[in-house]
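# A structural walkthrough
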Amino acid sequence: MKTAVSSDKASKRALVDDPATTPQWVTRGSPAYLRISLALFLAGFATFSLLYCVQPLLPAFANEFGIGAAQSSLALSVTTGALAFAIICAVGVSERAGRKSLMFASMAVAAVFNVLVAVVPGWHTILLMRCLEGFTLGGVPAVAMAYLAEEIHPKGLGLSMGLYVGGTAFGGMIGRVGMSFLCDAFSWRTAMMTIGVIDLCVAIAFVWLLPASRNFVPRTGVSVAQHLKLWTGHLTHGRLPAVFAVGGLVMGVFVTIYNYAGFRLMAPPFSLNASQTGLIFSAYIFGIIASSSAGALADRLGRGPVMIGGIVIAALGVALTMEHGLRAVVAGISVITIGFFVTHSVASGWIGQMASGAKGHASSLYLLSYYLGSSVLGSLGGAFWQTGGWTAVAGFAFVLLALCLVLGIYLARSRMPAAAQAT
């Protein structure tokens with residue numbers, strides 16, 4: 001009887017973090033911490049530059065292939081939708097293949113698919129390549145957050161997570177702005193090929209920089225039923241589902257605003273060209289600063305208040321975009337960007353602290369919600385744009401942010417373990 005009980009306990013420890021084992025933490029300020037931070041910054045850069053490089057090209061797709069705004073947004077939505085599904089699959093693979101190798105393979109293969117988008121003919125073939133790109137890219141976000149939560153000391157996790165999110169902001173900015181200028185100077189196909197080649201080089205730099213995991217132990221023999229049990233455990237957690245929902249909703253707002261801002265700004269009365277519209281995406285620089293600052297601030301003040309602040313900031317930005325002057329619209333997009341990255345940085349860092357075990361599974365559920373928000377809500381926003389213009393888009397964003405605020409207040413008022421509140 002004792003043997004059976006011991007065996008059962010051992011099998012459980014094979015699926016979750018073993019509290020009896022002392023982690024070999026990487027502390028803030030150490031050389032390993034700097035290498036990890038830089039490598040994960042590059043991973044975030046590659047992920048978002050590959051995902052969102054098509055966003056400034058949506059009007060070009062609509063013109064070339066004779067499709068509407070909502071249909072052109074499928075170039076982004078099919079990628080993020082496939083990514084959301086891939087994240088769930090990648091968790092099981094990463095338990096065997098390891099964190100570092102999976103992230104590298106995902107980045108490299110996704111970059112190759114981005115190059116293929118530049119050369120294949122026809123709209124539907126392009127969508128197929130983008131779908132495959134999203135599926136292969138899923139290995140990066142699926143395990144990046146788990147890698148940080150496993151390797152970085154809790155006292156430095158907020159900053160390292162903020163830097164990772166800052167990498168996504170930088171990748172999103174460079175991808176969008178660079179694509180706009182390349183499209184104007186050459187063609188959208190040249191732009192797609194260029195970003196693919198750049199991110200292939202980024203993948204090589206990433207694998208050279210990132211140290212091997214110290215606290216992750218590959219697990220074999222984990223069945224589908226056991227994975228489902230771990231996911232179910234996180235979904236029945238008192239607070240984790242609320243964090244998952246915040247990630248999906250705030251991402252839906254962010255993608256909706258950026259998807260259709262280009263259509264608005266290239267039409268009268270603004271009548272901007274692709275390069276001028278692309279410069280609007282320079283607002284991402286505020287996201288880089290906000291994400292790293294929010295992580296450090298959450299380490300000191302607690303995640304709840306900082307998350308609520310980010311949601312309120314995003315709502316103020318949406319209100320500004322409803323003005324008719326170009327400066328107000330640009331300022332509004334910048335404020336939305338700050339609010340989004342503050343909220344996302346805090347929420348993503350909270351997952352690693354709130355989940356008591358199987359952090360990779362918890363991260364995968366957050367990212368599933370996050371990218372489904374991008375895919376589903378981002379495309380749904382196109383229906384609002386086509387039927388009611390920017391006023392309808394802003395109203396849609398306000399509803400999503402109101403839901404975020406309710407969830408943020410609930411999380412801030414919930415009694416949290418000391419470790420979760422601190423970092």
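So, here is what we can say about the structure in this document. Every value quoted in this text rests on a predicted model; they were computed, and no experiment measured them.

### Quick notes on the pattern of salt bridges
Summed over the entire model, instances satisfying the criterion amount to two salt bridges. One salt bridge connects R99 with E150, and the closest N-O pair in it is separated by 2.4 Å. Here R99, found in helix α6 (residues 99-117), pairs with E150, found in helix α8 (residues 139-151); they are 51 residues apart in sequence, far enough to count as distant. Both residues of the pair, R99 and E150, belong to the buried class. When the shortest N-O distance is used, the salt bridge between R130 and E133 registers 3.4 Å. Of this pair, R130 and E133 both sit in helix α7 (residues 123-137), three residues apart, roughly one helical turn. For R130, a relative accessible area of 0% translates into the label buried. For E133, a relative accessible area of 0% translates into the label buried.

### A word on unusual backbone geometry
Here the residue pair P268 and P269 is connected by a cis peptide bond, since its omega of 10° sits within 30 degrees of zero. Note on placement: P269 falls in the loop between α12 (240-266) and α13 (274-279). Unlike most non-glycine residues, S271 shows phi in positive territory, near 55°. Within the secondary structure, S271 is located in the loop between α12 and α13.

Calculation criteria
- Residues numbered from 1 in each chain as written.
- Predicted model: local features only at pLDDT ≥ 70, side-chain atom pairs only at ≥ 80, totals over all residues.
- Heavy atoms only, no water.
- Salt bridge = Lys/Arg side-chain N within 4 Å of Asp/Glu carboxyl O.
- Helix = DSSP H or I, 4+ residues; strand = E, 2+ residues; numbered from the N terminus.
- Buried < 20%, exposed > 50% of the residue type's maximum accessible area, 1.4 Å probe, protein only.

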